[in-house]
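Spelled out from the first residue to the last, the chains are:
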Amino acid sequence: IYLDSFIELPWFGLFSIGSIFFAAVFTLRDRLHQYGLPTVYLAIGSAVLITTLYGQFVAQISPRFLFASFIAILISELADTAMFQRLRHYRWHKRVLASHAVSVPLDSLAFTLLAFAGAMSSYDMMQIVYADVLGKYLIAAAVAYLPFISVRERRTVSP
């Protein structure tokens, strides 16, 4: 709904209001890794499906935004999952921050380019990408370190 609504940062940047919710959910989804990859892939597929259906039938989002959202979620979530899995021997917070260092810029670039290319200036799109990467990463870090969310990590012994 808020895909084209922005908060103008005082120095440089247009932070998408829709990114606030997305960044928190994106980080919380990393918790599903403790249940295995099938659960993570099911969550990614569900997110893509729910976002698309909600956007099309409830919020009546333009097809361009739906396509941009679909592709950006798919690319960024799969990249995040791959990176998160590669770092499975590290503590949860480090995995979240490292995987988001890859997936957040991918998400912001993919969505912004697909949704706004030709409709906005390159300068405005740079402001969106900059602010969204900064904002999503800060929100992800805050959610990753919330004290009321405890993470019980299952430690596996390597053979």
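Use the structure listed above.
As the structure is a prediction and not an experimental result, all values here were calculated from the model.

Enquirer: What should I look at first to understand the overall build of the protein chain in this one?
Expert: A tally of regular secondary structure across the protein chain gives 5 helices and 2 strands. Helices and strands in the protein chain line up, N terminus first, as β-β-α-α-α-α-α. Split into buried and exposed, the 159 residues of the protein chain put 37% on the buried side. By sequence separation, contacts in the protein chain at least 24 residues apart represent 70% of the contacts at least 6 residues apart. Carbon and sulfur atoms make up 68% of the accessible area of the protein chain, which totals about 9,200 Å².

Enquirer: Sorry if this is basic, but what is going on with the pattern of salt bridges here?
Expert: Where charged atoms of side chains with opposite charge meet at close range, the side chains can pair. Per the stated rule, a full pass over the model turns up 2 salt bridges. Linking E77 and R29 is a salt bridge whose minimum nitrogen-to-oxygen distance equals 1.8 Å. In this pair, E77 sits in helix α3 (residues 63-86) while R29 sits in helix α1 (residues 18-29), placing the two residues 48 residues apart along the sequence. In this structure, D107 and K136 form a salt bridge, with 2.4 Å as the shortest nitrogen-oxygen distance. You can see D107 sitting in helix α4 (residues 92-116) and its partner K136 sitting in helix α5 (residues 122-144), a full 29 residues away along the chain. Under the relative-accessibility criterion, K136 is labelled buried at 4%.

Enquirer: Teacher, can you tell me more about the nonpolar core here?
Expert: The tendency in soluble globular proteins is for nonpolar side chains to be buried as a group. Of all hydrophobic cores here, the largest spans 12 residues; its members are L14, I61, F65, L66, A68, A72, A110, F111, A115, F116, M125 and I128. Elements with a contribution of two residues or more to this core: α3, α4 and α5.

Enquirer: Mind showing me how you'd approach α4 here?
Expert: Counting along an α-helix, one turn takes 3.6 residues, and residues three or four places apart therefore face a common direction. Across its 25 residues, α4 extends 34 Å between first and last C-alpha, which sits within 8% of the 36 Å expected from 1.5 Å per residue. Immediately downstream of α4, the backbone of G118 shows phi near 90°, a positive value.

Enquirer: It is not clear to me how the packing of aromatic side chains should be interpreted in this structure. Could you clarify?
Expert: Each aromatic ring pair is specified by the distance between its two centres and by the angle formed by the two planes. In the structure shown here, the tally under the stated rule is 6 aromatic pairs. When the ring of F12 is compared with that of Y130, the centres are 5.5 Å apart and the planes differ by 55°; the resulting orientation is tilted. Note that F12 is positioned in the loop between β1 (6-8) and β2 (14-16) and Y130 in helix α5, a separation of 118 residues in sequence. Of the residues examined, F12 reaches a relative accessible area of 25% and is grouped as partly exposed. With 6.0 Å between their ring centres and 85° between their planes, F111 and F116 make a pair best called edge-to-face. On the accessibility criterion, F116 (5% relative accessible area) is buried. One aromatic cluster is present, formed by F6, F65, F111 and F116 through successive ring pairs.

Enquirer: For this particular structure, what's the right way to read the side chain of K136?
Expert: Among the polar contacts made by the side chain of K136, one reaches the side chain of D107 at a distance of 2.4 Å. In contact with K136, other than residues within four places in its own chain, are F15, S19, F22, A23, V104, D107 and S108.

Enquirer: Quick question: what am I supposed to make of a nonpolar patch on the surface here?
Expert: Taken together, the side chains of L49, I50, L53, Y54, F57 and V58 define a hydrophobic patch exposed on the protein surface, amounting to about 630 Å² of accessible area. For V58, the position within the fold is in helix α2 (residues 37-58). Residue V58 is classed as exposed on the basis of its relative accessible area of 54%.

Enquirer: Help me understand α2 in this model?
Expert: For α2, built from 22 residues, the straight-helix expectation of 32 Å at 1.5 Å per residue is met to within 8% by its first-to-last C-alpha distance of 30 Å. Among the residues making up α2, those that are buried are V40, A43, I44, A47, V48 and G55. Each buried residue of α2 sits inside an arc of 130° when the element is viewed along its axis, so together they form one side. What points out from α2, more than 90 degrees from its buried face, is the exposed set P38, L42, L49, I50, F57 and V58.

Criteria and cut-off values
- Residues numbered from 1 in each chain as written.
- Predicted model: local features only at pLDDT ≥ 70, side-chain atom pairs only at ≥ 80, totals over all residues.
- Heavy atoms only, no water.
- Helix = DSSP H or I, 4+ residues; strand = E, 2+ residues; numbered from the N terminus.
- Buried < 20%, exposed > 50% of the residue type's maximum accessible area, 1.4 Å probe, protein only.
- Contact = heavy atoms within 4.5 Å.
- Areas by Shrake-Rupley, 256 points an atom, 1.4 Å probe, with all protein chains shown as cover.
- Salt bridge = Lys/Arg side-chain N within 4 Å of Asp/Glu carboxyl O.
- Core = buried A, V, L, I, M, F, W, Y, C linked by side-chain atoms within 4.5 Å.
- Expected span 1.5 Å × (residues − 1).
- Phe/Tyr/Trp six-rings, centres within 6.5 Å; stacked < 30°, edge-to-face > 60°.
- Polar contact = N/O pair within 3.5 Å; in protein donor to acceptor, adjacent residues only side chain to side chain.
- Patch = residues over 30% accessible without salt bridge, like charges linked within 9 Å, V, L, I, M, F, W, Y side chains within 5 Å.
- Arc of directions from axis to C-beta.

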